[in-house]
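Okay, here's what each chain looks like letter by letter:
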Amino acid sequence: MIVQLTGTLVEVFPNSVVLDVQGVGYELGISANTAANLPACGQTAVTLLVRMIVKENAMELYGFSSRQERNAFDRLIDISGVGPKLALAVLSTYSLSDLATIALSEDVTRMAQVPGVGKKKAQRLLIELADVFAKDAELRILASAEQKTSGAREQAPQHSVLDDAQSALLAMGFTPQEVELALKPYDKKECNDNPSLTAQTVITQALQRLGGRL
C-alpha cells in the first residue's frame, strides 16, 4: 500500500499532478485545495500523502497536502454512492473547516453547490457527514476551531477571493499571462460580494480553463 510519495513536481493538471519519484512518474488525482498548496512545477522534494484505490481493471492514486484532507477523503468514499471523483469535488469546493461547519449545521444549500451533488444527494451526504464529524476526533477539532475563529474572521480584513486564487495559480507554475486569462471571467467586486464563492472554486474553474488551453 502506497501512503506517501516524495519527488519532483513535473506537471499540474486541472484535477491531477505528475510526481517524478526516482525516475518513475506517478499520476495522482488531487483536489483544488491540495493544488493551491503545491509549489511551482520543477520543485524537488515535494511530498504528498497518498491513498491508493485498487479496482478490478485499474490502480488509482490520490494525493493530499495534509493528513486531515486524506482522512476526510477516506470518510467521504465510505459513504454509499460517493466515489473518489465526487469526494475530490467536495474537497475542491470547500476547505475542511468550511465542510465541517456545513456538515454540522446541515446546510443543504451549500452542500448542493458541489458539482455533481443535487439537493437530494446533499441531504443524504449531510446526514452521514454530520455523524462523521461528530465521531471523528481529528475532524471534530476542525469544526471546533472554525466556530472559534469565525467571529474574528468576520471583523478582520478579508483577502480577495481572486487574490488568493491568483497567488495559488502562480505558485503552481503558471505564467502571469496565463493566470490573468484564466481569471478574466471573474469580476473582483462580484466575487467578494458572493459569500458562497470560495478561492478553491475559482482555482478549480481556472485550472479547467488552463487545461483546456483557455
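Summary of the structure given here. What you are looking at is a predicted structure, and each value in this text was computed from that prediction instead of being measured.

## With respect to unusual backbone geometry
- The backbone of Ala 45 shows a phi angle near 55°, a positive value even though the residue is not glycine.
- Tracing the backbone through its elements, the reader meets Ala 45 in the loop between α1 (32–36) and β4 (46–54).

## Here's the deal with the environment of Ala 134
- Within the fold, Ala 134 resides in helix α6 (residues 119–135).
- Taking the C-alpha atoms as reference points, Ala 134 and Ala 103, separated by 31 residues in sequence, lie 9.4 Å from one another.

## Here's the deal with the nonpolar core
- Ranked by internal contacts, the top residues of the largest apolar core, which has 35 residues, are Val 17, Leu 169, Leu 183, Val 202 and Leu 207.
- It is helix α11 (residues 199–211) that provides the largest number of residues to this core, a total of 6 residues.
- For this core, the domains that each give at least three residues are domain 1 (1–65) and domain 3 (161–212).
- With residues near it in sequence (within four places) discarded, Leu 183 still touches Leu 162, Ala 165, Gln 166, Leu 169, Val 202 and Ala 206.

## Concerning helix α3 (residues 84–93)
- In terms of burial, α3 is largely enclosed, as 9 of its 10 residues are buried.
- When α3 is considered as a whole, its buried residues turn out to be Pro 84, Leu 86, Ala 87, Leu 88, Ala 89, Val 90, Leu 91, Ser 92 and Thr 93.

## Describing the packing of helix α8 (residues 161–171) against helix α9 (residues 176–183)
- Put simply, α8 and α9 touch, their axes get as near as 10 Å, and they point 140° apart. Between α8 and α9, the angle falls in the class oblique. By crossing handedness, the relation of α8 to α9 is classed as right-handed. Every residue of α9 that contacts α8 at Leu 162, Ala 165, Gln 166, Leu 169 and Leu 170 is listed here: Pro 176, Val 179 and Leu 183.
- Partitioned by chemical class, the residues of the contact of α8 with α9 number 7 nonpolar, 1 polar and no charged.

Here is what the cut-offs are and how they apply
Residues numbered from 1 in each chain as written. Predicted model: local features only at pLDDT ≥ 70, side-chain atom pairs only at ≥ 80, totals over all residues. Heavy atoms only, no water. Helix = DSSP H or I, 4+ residues; strand = E, 2+ residues; numbered from the N terminus. Core = buried A, V, L, I, M, F, W, Y, C linked by side-chain atoms within 4.5 Å. Buried < 20%, exposed > 50% of the residue type's maximum accessible area, 1.4 Å probe, protein only. Domains from an automatic or database assignment. Contact = heavy atoms within 4.5 Å. Axes fitted to C-alpha atoms, helices over the stretch in contact; angles between N-to-C directions. Parallel < 35°, antiparallel > 145°, perpendicular 65-115°, else oblique. Left-handed = near helix turned anticlockwise from the far one by under 90°. Nonpolar A, V, L, I, M, F, W, Y, C, P; charged D, E, K, R; others polar.

By themselves, these figures tell us nothing about what the structure is for.
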